[in-house]
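Each chain, written out:
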Amino acid sequence: MPIATPEVYNEMLDRAKAGKFAYPAINVTSSQTLHAALRGFAEAESDGIIQISTGGAEFLGGQHSKDMVTGSVALAEFAHIVAKKYDITVALHTDHCPKDKLDGYVRPLLAVSEERVARGENPLFQSHMWDGSAETLADNLSIAQELLERARAAKIILEVEITPTGGEEDGVTHEINDSLYTTVDDAIRTAEALGLGEKGRYLLAASFGNVHGVYKPGNVVLRPELLKELNEGVAAKYGKASPFDFVFHGGSGSTEQEIATALDNGVVKMNIDTDTQYAFTRPVAAHMFQNYDGVLKVDGEVGSKKTYDPRTWGKLAEASMAARVTEACANLRSSGTRIK
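Conventions and cut-offs
Residues numbered from 1 in each chain as written. Predicted model: local features only at pLDDT ≥ 70, side-chain atom pairs only at ≥ 80, totals over all residues. Heavy atoms only, no water. 1 Å grid on protein atoms, 1.4 Å probe; cavity = no way out; pocket = protein on both sides within 12 Å on 5 of 7 lines; lining within 4 Å. Points joined across faces, edges and corners; volume = space filled by probe spheres on them. Helix = DSSP H or I, 4+ residues; strand = E, 2+ residues; numbered from the N terminus. Phe/Tyr/Trp six-rings, centres within 6.5 Å; stacked < 30°, edge-to-face > 60°. Buried < 20%, exposed > 50% of the residue type's maximum accessible area, 1.4 Å probe, protein only. Salt bridge = Lys/Arg side-chain N within 4 Å of Asp/Glu carboxyl O. Axes fitted to C-alpha atoms, helices over the stretch in contact; angles between N-to-C directions. Parallel < 35°, antiparallel > 145°, perpendicular 65-115°, else oblique. Left-handed = near helix turned anticlockwise from the far one by under 90°. Contact = heavy atoms within 4.5 Å. Nonpolar A, V, L, I, M, F, W, Y, C, P; charged D, E, K, R; others polar. Expected span 1.5 Å × (residues − 1). Arc of directions from axis to C-beta. Polar contact = N/O pair within 3.5 Å; in protein donor to acceptor, adjacent residues only side chain to side chain.

**Student:** How should I be thinking about the layout of surface pockets in this particular structure?
**Tutor:** In this approach a probe as big as a water molecule rolls over the atoms, and the regions it shows empty are the leftover space. When its volume is computed, the second largest pocket comes out at roughly 180 Å³. For the lining of the second largest pocket, the secondary structure elements donating two or more residues are helix 8 (226-238) and helix 9 (256-264). In terms of residue count, helix 8 provides more of the lining of the second largest pocket than any other element does, 4 residues in total.

**Student:** Honestly, the packing of aromatic side chains in this entry has me stumped. Any pointers?
**Tutor:** Pairs of aromatic rings are described using the distance from one ring centre to the other and the angle between the two planes. All told, the structure shown has 4 aromatic pairs when counted by the stated rule. With centroids separated by 5.4 Å and ring planes inclined at 85°, the aromatic side chains of Phe 21 and Tyr 23 adopt a geometry described as edge-to-face. Note on Phe 21: relative accessible area 6%, which makes it buried. For Tyr 23, a relative accessible area of 0% corresponds to the buried category. Three or more aromatic residues joined by ring pairs form one cluster here, namely Tyr 202, Phe 244 and Phe 246.

**Student:** So what exactly am I meant to see when it comes to the pattern of salt bridges here?
**Tutor:** Pairing is possible between side chains that carry opposite charge, provided their charged atoms lie close to one another. Under the counting rule described, the total for this entry stands at 17 salt bridges. Arg 39 is the salt-bridge partner of Glu 43, the closest N and O atoms lying 3.1 Å from each other. One end of the pair is Glu 43 and the other is Arg 39, both in helix 2 (residues 31-44) and 4 residues apart, which spans about a single turn. Owing to a relative accessible area of 27%, Arg 39 belongs among the partly exposed residues under this scheme. Taken together, the shared-partner salt bridges connect Asp 14, Lys 17, Arg 201 and Asp 245 into one network.

**Student:** Please explain unusual backbone geometry as it appears in this structure.
**Tutor:** Leave glycine aside and you will find that most residues have negative phi; peptide bonds, for their part, are mostly trans. Positive phi values are uncommon outside glycine, yet Lys 66 reaches one of about 50°. Looking at where Lys 66 falls in the secondary structure, it is placed in the loop between helix 3 (54-60) and helix 4 (68-82). One non-glycine residue, Lys 155, lies in positive phi territory at about 60°. With respect to the helices, strands and loops of the structure, Lys 155 is situated in the loop between helix 6 (137-153) and strand 5 (157-161). When its relative accessible area of 43% is taken as the criterion, Lys 155 is described as partly exposed.

**Student:** How do you make sense of the packing of helix 4 against helix 5 (residues 106-118) when you look at a structure like this?
**Tutor:** Angle between the axes and distance between the axes are the two parameters that describe a pair of packed helices. For the pair helix 4 and helix 5, interaxial distance at closest approach is 10 Å and the crossing angle is 40°. The angle between helix 4 and helix 5 falls in the class oblique. The crossing of helix 4 and helix 5 is right-handed. Where helix 4 approaches helix 5, its residues Val 69, Ser 72, Val 73, Glu 77 and His 80 are matched on the opposing element by Pro 108, Leu 109, Val 112 and Arg 116. Its residues assigned to classes, the contact of helix 4 with helix 5 shows 5 nonpolar, 2 polar and 2 charged.

**Student:** Hey, could you run me through the packing of helix 7 (residues 184-194) against helix 8 in this one?
**Tutor:** Where helix 7 contacts helix 8, the two axes come as close as 9 Å, and the packing angle between them is 50°. Relative to helix 8, the element helix 7 is oriented oblique. For the crossing formed where helix 7 meets helix 8, the hand is right-handed. Residues Val 184, Ala 187, Ile 188, Ala 191 and Glu 192 of helix 7 pack against Glu 229, Leu 230, Gly 233, Val 234, Lys 237 and Tyr 238 of helix 8.

**Student:** What exactly am I supposed to notice about helix 13 (residues 310-331) here?
**Tutor:** For the α-helix, the turn length of 3.6 residues means that residues three or four positions removed from each other point alike. For helix 13, with 22 residues, the first-to-last C-alpha span of 31 Å sits near the 32 Å given by 1.5 Å per residue. Buried within helix 13 are the following residues: Gly 314, Ala 317, Glu 318, Met 321, Ala 322, Arg 324, Val 325, Ala 328 and Cys 329. What you see down the axis of helix 13 is that its buried residues fit within an arc of 165°, all on one side. Backbone geometry just downstream of helix 13 places Arg 333 in the positive-phi region, at approximately 65°.

**Student:** Got a minute to help me understand helix 8 in this structure?
**Tutor:** Taking 1.5 Å per residue as the helical rise, helix 8 with its 13 residues ought to reach 18 Å, and the 19 Å between its terminal C-alpha atoms agrees with that figure. If you check which residues of helix 8 are buried, you get Leu 226, Leu 227, Leu 230, Asn 231, Gly 233, Val 234 and Ala 235.

**Student:** I keep staring at the side chain of Thr 33 and nothing clicks. Help me out?
**Tutor:** Its place among the elements puts Thr 33 in helix 2. From its side chain, Thr 33 meets the backbone nitrogen of Thr 29 in a polar contact 3.0 Å long. Other than its neighbours up to four places away in sequence, Thr 33 contacts Val 28, Phe 280 and Met 321.

Printed below as a string of structure tokens:
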């Protein structure tokens, strides 16, 4: 069962929450980065989440048409086939989708899964993200209600981002300031609008100082202990302990202690993109510098086919990214926890 069924995906998230670990959610943009993620999970004996952002989907759609739905559907179908060769279970997810891209991305993908479920099949993706952090909270939650109802009917989990994550992600930019911290009132309003599971399961990307991009440890002020306050604030009103399944966005440069605190306070999914991008590209750069006279036809020479063959440097890239995914599993305590 390499691609999780809706039931297994729910089990994965329940196990993570109970065991205080999280699944690395790895952004992929090609068949090769997909294999790297799968390989990394398998070598860590960890289940995981594979995700595609709007920019990644556009890239996968090809530069001729840049069709996000075509690109994401194609890679998802590919994943359903190749993942069978890996002894782990993964869920397929779509990452950040702002309001102006809903009609060109998440809503059509929901329709694809609705059609599959109507035929007695499982959904193509196991979860989708709605990023309404650029909208007012009222508008954000209004759209989330519509999407959650459709997602529930299609046996899909919705991820919602209710307050901003700093930095830039696929064209969505937020300043780095005090708005990067979700309040208990924000969390209560979310529970009022979306329920606590009875209207459909959702993952909550709450803000505790998170920033997308590349930062050294200490340059971003994270307050992962805030997640405990959000859970306790909602629990006090609704009587449900640990009501939220949290997602950690913008985690590049986080310290081990910050990650550990986030896990202890209910994070079940952590997005990883910047670090795996670098891990993939770094050995390619080294190969090109070290073999410049082979990859280039210098001074009219013929170069070396073996060095400019994409398979040569592509294997190095896959291995390096897979190692970074395995490291992420160790950091998030998911190593050795795969469903057997």
